[in-house]
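# Observations on the three-dimensional arrangement
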Amino acid sequence: MPRPSGPPVPPDRRSAVAGLTLALAMLISFGTGLTCATGITAAAASTASAGGTRAAAPPARITWAPCPDQSGLQCGSVVVPLDYHQSSGATISLAVTRKPAADPSARIGVLLFNPGGPGESGNQILPVVLGLLPAAVVSRFDVVSFDPRGTGASDPLECGTSPPAVTSALPVPSRPGQPLPGTSVFTAMAGTCTHDHPGLSSALTTEATARDMDRIRAALGVSQINYLGLSYGTVLGTVYADLFPHRLRALVLDGGVDVNATLATQAADEAPAAERSLQHYLSGCAADPNCPFGPDSTAMFTSLRDQLQSHPLPAPGNGDNHPVTVGDLDSATLLALSAPDFTTSYPTALLDALHGNGSPLRQLALALVEDLSGASLVDASWAIACNDFASHLGPVAAGTEARSLDARYPLIGGYAVTYNLGGCLAWPRSSSAITNLHPRRAPPVLVLGNIGDPNTPLVGSQHLARVFPKATLVTWSGWGHTWLLNGSSDACMVGVVDGYLIDLRLPRPGARCG
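These numbers were taken from a predicted model, which means no experiment stands behind them.

### Let's talk about the overall build of the chain
Broken down by element type, the chain carries 20 helices and 10 strands. Counting every position in the chain, which comprises 514 residues, the buried fraction comes to 61%. As displayed, the chain has an accessible area near 17,500 Å², and 53% of this comes from carbon and sulfur atoms.

### Focus: the state of the cysteines
Under the definition given, this model contains five disulfides. In this model, Cys285 is linked to Cys291 through a disulfide, with the two sulfur atoms separated by 1.9 Å. Here the disulfide of Cys285 and Cys291 is right-handed, its torsion about the S-S bond being about 100°. By relative accessible area, which is 14% here, Cys285 ends up buried. Across the disulfide from Cys386 sits Cys424; the S-S distance is 2.1 Å. Sign of the S-S torsion, about -95° for the bond between Cys386 and Cys424, identifies this disulfide as left-handed.

### Describing the sheet that holds strand S5 (residues 141-146)
Taken in spatial order, the 10 strands line up as S1-S2-S3-S5-S4-S6-S7-S8-S9-S10 in an open sheet, and their pairing is mixed. The sheet is open, and its two borders are formed by strand S1 (65-66) and strand S10 (512-513), each paired with just one other strand. Sheet analysis places strand S8 (residues 445-452) next to strand S9 (residues 471-479), joined by seven bridges and oriented parallel. The residue bridging Gly452 from the neighbouring strand is Trp479, located in S9.

### Some remarks on the side chain of Asp212
Take Asp212: it is sitting in helix H8 (residues 206-220). Exposure remark for Asp212: the relative accessible area of 0% places this residue in the buried category. For Asp212, the side chain forms a polar contact with the side chain of Tyr84, separated by 2.6 Å. Residues within four places of Asp212 in sequence aside, it is in contact with Val80, Tyr84, Leu94 and Arg149.

### Quick notes on helix H12 (residues 326-338)
In a regular helix each residue adds 1.5 Å, so 13 residues correspond to 18 Å; H12 covers 18 Å between its end C-alpha atoms and thus fits that length. Most of H12 is tucked away, with 13 of its 13 residues classed as buried. Two or three places before Gly327, at the opening of H12, Thr325 has a side-chain oxygen 2.9 Å from that residue's backbone nitrogen.

### Some details on the environment of Trp64
Checked against the element boundaries, Trp64 lands in the loop between helix H2 (42-52) and S1. The partly exposed category is assigned to Trp64, whose relative accessible area is 22%. Once the C-alpha coordinates of Trp64 and Arg98 are considered, the two residues, 34 residues apart in sequence, prove to be 8.5 Å apart. In this structure, Trp64 is in contact with Gln74, Cys75, Gly76, Val96, Thr97, Arg98 and Leu220, ignoring residues within four places of it in sequence.

### Quick notes on the packing of aromatic side chains
For the coordinates displayed, the defined rule picks out four aromatic pairs. Ring geometry for Tyr240 against Phe244: centres 5.2 Å apart, planes inclined by 40°, an arrangement best described as tilted. There is no split in this pair, since Tyr240 and Phe244 are both buried. With centroids separated by 5.8 Å and ring planes inclined at 40°, the aromatic side chains of Tyr415 and Tyr419 adopt a geometry described as tilted. In this pair, Tyr415 and Tyr419 are both assigned in helix H17 (residues 415-421), four residues apart and thus about one turn of the helix distant. With respect to burial, Tyr415 and Tyr419 carry one shared label: buried.

### Observations regarding the packing of H8 against helix H9 (residues 232-243)
Put simply, H8 and H9 touch, their axes get as near as 9 Å, and they point 70° apart. As the angle between them shows, H8 and H9 are arranged roughly perpendicular. Judged by the sense of rotation from one axis to the other, the crossing of H8 with H9 is right-handed. For the pair H8 and H9, contact is made by Thr206, Glu207, Thr209, Ala210, Arg211, Met213, Asp214 and Arg217 and by Tyr232, Val235, Leu236, Val239, Tyr240 and Leu243, respectively. For the contact of H8 with H9, the per-class residue count stands at eight nonpolar, two polar and four charged.

### Quick look at the pattern of salt bridges
Here the structure, examined in full by the defined rule, presents eight salt bridges. Two residues, Asp330 and Arg305, come together in a salt bridge whose shortest N-O distance is 2.5 Å. One end of the pair, Asp330, is in helix H12; the other, Arg305, is in helix H11 (residues 297-310), and 25 residues separate them in sequence. The same class applies to Asp330 and to Arg305, which are both buried.

### Brief notes about the packing of H11 against helix H13 (residues 346-354)
Here H11 crosses H13 at 50°, and the two axes come no closer than 10 Å. Judged by the angle between their axes, H11 and H13 are oblique. Considering only the axes of H11 and H13, their crossing is left-handed. Facing H11, whose interface residues are Met300, Phe301, Ser303, Leu304 and Gln307, H13 presents Tyr346, Leu350, Ala353 and Leu354.

### What about the confidence of the model for the chain?
Of all residues in the chain, 90% attain a pLDDT of 70 or more, and the chain-wide mean is 91. Within the model, pLDDT remains below 50 along residues 30-51, and this stretch shows 109 contacts once partners closer than five positions in the same chain are excluded.

### Considering the nonpolar core
Grouped together as the largest cluster of nonpolar side chains are 142 residues, with contacts concentrated most on Leu251, Phe301, Leu350, Leu361, Phe468, Leu484 and Leu501. Not counting residues up to four positions away in its chain, the partners in contact with Leu350 are Phe293, Met300, Phe301, Leu304, Leu329 and Leu361.

### Some words on unusual backbone geometry
A cis amide bond links Gly117 with the next residue in sequence, Pro118, at an omega value of 0°. For Asn436, which is not glycine, the phi torsion reads 50° and is therefore positive. Tracing the backbone through its elements, the reader meets Asn436 in the loop between H17 and S8.

### Digging into the environment of Pro295
With respect to the helices and strands, the residue Pro295 is situated in the loop between helix H10 (263-286) and H11. Measuring from C-alpha to C-alpha, the distance between Pro295 and Ser283 comes to 9.5 Å, with 12 residues separating the pair along the chain.

### Brief notes about the pairing of S8
Among the eight residues in S8, seven count as buried, and that is most of the element. The sheet contact formed by strand S7 (residues 248-254) and S8 spans four bridges and is parallel. Directly across from Leu251, in S8, lies its bridge partner Val445. Crossover handedness for the path S8 to helix H18 (residues 458-466) to S9: right-handed.

Reading the values: rules and limits
- Residues numbered from 1 in each chain as written.
- Predicted model: local features only at pLDDT ≥ 70, side-chain atom pairs only at ≥ 80, totals over all residues.
- Heavy atoms only, no water.
- Helix = DSSP H or I, 4+ residues; strand = E, 2+ residues; numbered from the N terminus.
- Buried < 20%, exposed > 50% of the residue type's maximum accessible area, 1.4 Å probe, protein only.
- Areas by Shrake-Rupley, 256 points an atom, 1.4 Å probe, with all protein chains shown as cover.
- Disulfide = S-S within 2.5 Å.
- Pairing = 2+ DSSP bridges.
- Polar contact = N/O pair within 3.5 Å; in protein donor to acceptor, adjacent residues only side chain to side chain.
- Contact = heavy atoms within 4.5 Å.
- Expected span 1.5 Å × (residues − 1).
- Phe/Tyr/Trp six-rings, centres within 6.5 Å; stacked < 30°, edge-to-face > 60°.
- Axes fitted to C-alpha atoms, helices over the stretch in contact; angles between N-to-C directions.
- Parallel < 35°, antiparallel > 145°, perpendicular 65-115°, else oblique.
- Left-handed = near helix turned anticlockwise from the far one by under 90°.
- Nonpolar A, V, L, I, M, F, W, Y, C, P; charged D, E, K, R; others polar.
- Salt bridge = Lys/Arg side-chain N within 4 Å of Asp/Glu carboxyl O.
- pLDDT = per-residue confidence, 0-100.
- Core = buried A, V, L, I, M, F, W, Y, C linked by side-chain atoms within 4.5 Å.
- Right-handed = clockwise from strand over helix to strand, strands pointing away.

This is the structure we're talking about:
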């Protein structure tokens, strides 16, 4: 699942905000993903737009106030129905943040931003994103983001699933015919979430969040929005385009997810992309005389992997009683590959683990499944991801797929199964699943994809562009998860994004930058 979708949170979280926020790790966040991709069925979308939901009363205009801890930003809230089929019932208050256009006289409109996940806090990451967006965009648009329903400051779903239990789950069964090793953790999560929070856990869907976005639009007092979504945020944007095409002026989808692919297909696509990205990272280090891993980086990594597989390191303690395993290595590695500029502690964490100290590796792994504040993303992310699909692989089938991918991509490929679909193994069948999505009335769309994205591989952006009647894919020749997190200074890409958002000018088909 696409989960890095926002920058990750490095181990030293405070300086890490200097270091980003994804988790835009995510931006990445984790499979759920992390991350992650979900699709909405054309049938479900058409039913909803044709009256499958009951119209709720228009939202009140947002009352803005200065954000207490974020200079220059304004905070507010929007009330939305918990269940759009029962719009007069329970509600959720969505936390919303705005950075007014720097040049009000040249203001074009609102740019609504979602960092992905699913489940990443748009409010927490917005200060980071403002420093990455093209200057002309920040100057001419009110940039608005929000914490999606069930996450962050918007009535978070909290089922008590332990983040260390998730990151330490082994990615691959040791023998054929065994279930995916994380099955017990994810089965307990599904049971607790659906038993203790039946209303909220079932209401966390991409379709509902897209409807929330339109209430945010209405509460902003605008007839149309512009949208930028990263990673899973590309799924959310596509669903919004299907439900509310007339409310979109422009749609930028960065790090595209194939909205019509199953989670198993997404895992199969991600495994070779992550493997290739790790090979690139290790070979690049080996070519550097100052590489801390020595002349054979791949041998060092493989040695550490084998060591953790056979002899996990002691639990870090201080309330974390889970041994540090190869699962932590995979989680930390995917985060580092997704946002290398924000995870500079990764090499040191590997060397520490090689010498018996697994705490730094665990800290980095946790950044994949926690937001910038340190709150867990696990329960909400998987609820959203799993609710978007009608059926899920069973534990043994998932274990078999993990072994298959591990055999073909031995450095990190087997982890793609846990990352993309592990949390759905025992999740109940969804009545809000979406597939075969084709937003036929959407405006022209700009899709961005990286050749070296380990999380949402380029093939996802290629497939995503094809679901729209008119979309241009621009390929960035760079590494890391999404262009915005890893190549925001590329003048060619800045020109593409400026031209589209400001002048609605799409580049020629097949355009490349970098």
